[in-house]
Amino acid sequence: MAGMLTATHAYNLFSLTLESRYGSGWRASVEPETIALLADEIAIGFGGKAEGPTHTQTGGRAPTVWRFPDGSRARTGHFGLRREDLEERAA
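Note that the coordinates shown come from a computational prediction; the quantities given were computed from them, not determined experimentally. (Residues numbered from 1 in each chain as written. Predicted model: local features only at pLDDT ≥ 70, side-chain atom pairs only at ≥ 80, totals over all residues. Heavy atoms only, no water.)

Along the backbone of the protein there are 5 helices and 4 strands. Along the protein, from the amino end to the carboxyl end, the secondary structure elements read α-α-α-β-α-β-β-β-α. In the protein, which comprises 91 residues, the proportion classed as buried is 38%. Taking all contacts inside the protein whose residues are at least 6 apart in sequence as the whole, residues at least 24 apart take part in 39%. (Helix = DSSP H or I, 4+ residues; strand = E, 2+ residues; numbered from the N terminus. Buried < 20%, exposed > 50% of the residue type's maximum accessible area, 1.4 Å probe, protein only. Contact = heavy atoms within 4.5 Å.)

Structure (C-alpha cells):
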C-alpha cells in the first residue's frame, strides 16, 4: 500500500473496526456519539491535525476536518470518517 494517502488508511481502519465489532449494520446499531468519537480517535492516531474544533469541543454539533502529515484530509462526525478527496470528486 505504498503511496496510499493517509486519509485512505484512516478510512479503511475506521470501516474495518466498526464492521468487525458491530457487523455490517453498524450504522443502525451504534450510537452516533460512539461513531464520532472513534472516528476522531483514528484521525488523531494517524497524526491528523484538526482544522477547527473537534467533536468533543463542539458537542457533536459540527464535523471536524483533519489534515494528515501527507496533506490528505478527512472529515469526521456522527456519520463516521470520510475522505475529503472523495467528497470533492463527487461535487
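A word on the nonpolar core. Grouped burial of nonpolar side chains is what soluble globular proteins tend to show. Phe14, Trp26, Ile42, Phe68 and Leu81 are the most contacted members of the largest nonpolar core, which has 15 residues in total. Contributing elements (two or more residues each) for this core: helix 1 (6-22) and helix 3 (32-45). No other element matches the 5 residues that helix 3 contributes to this core. Not counting residues up to four positions away in its chain, the partners in contact with Leu81 are Ala7, Ala10, Tyr11, Phe14, Ala39, Ile42, Ala74, Arg75 and Thr76. (Core = buried A, V, L, I, M, F, W, Y, C linked by side-chain atoms within 4.5 Å.)

Right, let's get into the environment of Thr17. Tracing the backbone shows Thr17 in helix 1. Classification of Thr17 as buried rests on a relative accessible area of 15%. The spatial distance from the C-alpha of Thr17 to the C-alpha of Ile42 is 10.0 Å, given a sequence separation of 25 residues.

The α-helix winds at 3.6 residues per turn, so residues separated by three or four positions along the chain end up facing the same way. Over its 17 residues, helix 1 extends 24 Å from the first C-alpha to the last, a length consistent with the 24 Å expected when each residue adds 1.5 Å. Of the surrounding elements, those touching the buried residues of helix 1 are helix 2 (26-29), helix 3, strand 3 (73-77) and strand 4 (80-83). Positive phi appears at Gly23, one or two residues downstream of helix 1, with a value of about 85 degrees. (Expected span 1.5 Å × (residues − 1).)

The next thing to look at is the packing of aromatic side chains. On inspection of all chains with the given rule, the structure shows 1 aromatic pair. Ring geometry for Phe14 and Trp26: centres 5.6 Å apart, planes at 90 degrees, overall edge-to-face. Taken together, the residues span a long stretch of sequence, with Phe14 in helix 1 and Trp26 in helix 2 at a distance of 12 residues. Just as Phe14 is buried, Trp26 falls in that class too. Sitting over the face of the ring of Phe79, Arg82 holds its NZ or CZ atom 4.1 Å from the ring centroid. Over the face of the ring belonging to Tyr11 we find Arg83, whose NZ or CZ atom lies 5.9 Å from the ring centre. (Phe/Tyr/Trp six-rings, centres within 6.5 Å; stacked < 30°, edge-to-face > 60°. Lys NZ or Arg CZ within 6 Å of the ring centre and 35° of its normal.)

Below, the discussion takes up the pairing of strand 2 (residues 64-67). As defined by bridge partners, strand 1 (residues 49-50) adjoins strand 2 across 2 bridges and the pair is classed as antiparallel. By the bridge assignment, Ala50 is partnered in strand 2 with Trp66. In this structure, strand 2 lies alongside strand 3, joined through 4 bridges in antiparallel fashion. Paired with Arg67 across the two strands is Arg73, which belongs to strand 3. The hairpin turn running from strand 2 into strand 3, its antiparallel successor, is 5 residues long, and Gly71 in that turn takes a positive phi close to 95 degrees. (Pairing = 2+ DSSP bridges.)

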